[in-house]
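# Residue-level structure breakdown
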Amino acid sequence: MGKYFARRDDRRKREDIARERVDILVGKIRADPAGRFTPNYVRLALKLAKKARMGVPKELDRKYCPECYSFFKLGKTYVIRIRRGKPVMVCKCGEERNLFKPSNAKGKE
Ligand SMILES: [Zn+2]
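On a predicted model such as this, the values are computed, not experimentally measured, just so you know.

### Regarding helix α2 (residues 38–51)
Taking 1.5 Å of rise per residue, 14 residues should cover 20 Å, and α2 covers 20 Å from first to last C-alpha, within 8% of that figure. Backbone geometry just downstream of α2 places Arg-53 in the positive-phi region, at approximately 55 degrees.

Structure below.
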């Protein structure tokens, strides 16, 4: 805890403060998705959300790279490539992820 967070028993207040801070960071991320400091804002927003135990903010859920924390913005921080006939997102750091979640079809890993 410490100076950044409200008292432990004051959960409502803690979430409100964290929400407010996350909103500010999301605003900065939206304003400049490919900015030099955007990965830092993403990392910080996730850290705040985690500490306040409020889950991943919906503005960031599956919209950032788990490797380099870039915010996904088509053409700026990622491109779409075809791998084995399927489209994948390729981050500027080289990380690839499936564009569509694999279906839970039987026998599929
Ligand atoms: Zn990346």
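### Description of unusual backbone geometry
Peptide bonds are mostly trans, and most non-glycine residues show a negative phi. The backbone phi angle of Arg-62 is positive, close to 60 degrees, even though this residue is not glycine. Following the sequence through the fold, Arg-62 ends up in the loop between α2 and β1 (78–83). Looking at Arg-62, the number of C-beta atoms within 10 Å reads 10, which means it is exposed. The backbone of Arg-84 sits at a positive phi, close to 50 degrees, despite the residue not being glycine. Looking at Arg-84, the number of C-beta atoms within 10 Å reads 5, which means it is exposed.

### Thoughts on the confidence of the model for the protein
On average, the protein scores 85 in pLDDT, and the residues at 70 or more come to 83%. No element of the protein has a lower mean pLDDT than helix α1 (residues 11–31), at 88, and none a higher one than β1, at 94.

### With respect to the sheet that holds strand β3 (residues 96–98)
An order of β1-β2-β3 is seen for the three strands of this open sheet, with the pairing classed as antiparallel. Only two strands of the sheet have a single partner each, and these edge strands are β1 and β3. Going from strand to strand, the sheet's axes swing by 35 degrees on average, the running direction of each strand aside. Strand direction decides the pairing type here: β1 and strand β2 (residues 86–91), joined by six bridges, are antiparallel. Looking at the pairing, Ile-82 lines up with Pro-87 of β2.

About the thresholds
- Residues numbered from 1 in each chain as written.
- Predicted model: local features only at pLDDT ≥ 70, side-chain atom pairs only at ≥ 80, totals over all residues.
- Helix = DSSP H or I, 4+ residues; strand = E, 2+ residues; numbered from the N terminus.
- Expected span 1.5 Å × (residues − 1).
- Buried ≥ 20, exposed ≤ 12 C-beta atoms within 10 Å, placed from the backbone.
- pLDDT = per-residue confidence, 0-100.
- Pairing = 2+ DSSP bridges.
- Axes fitted to C-alpha atoms, helices over the stretch in contact; angles between N-to-C directions.

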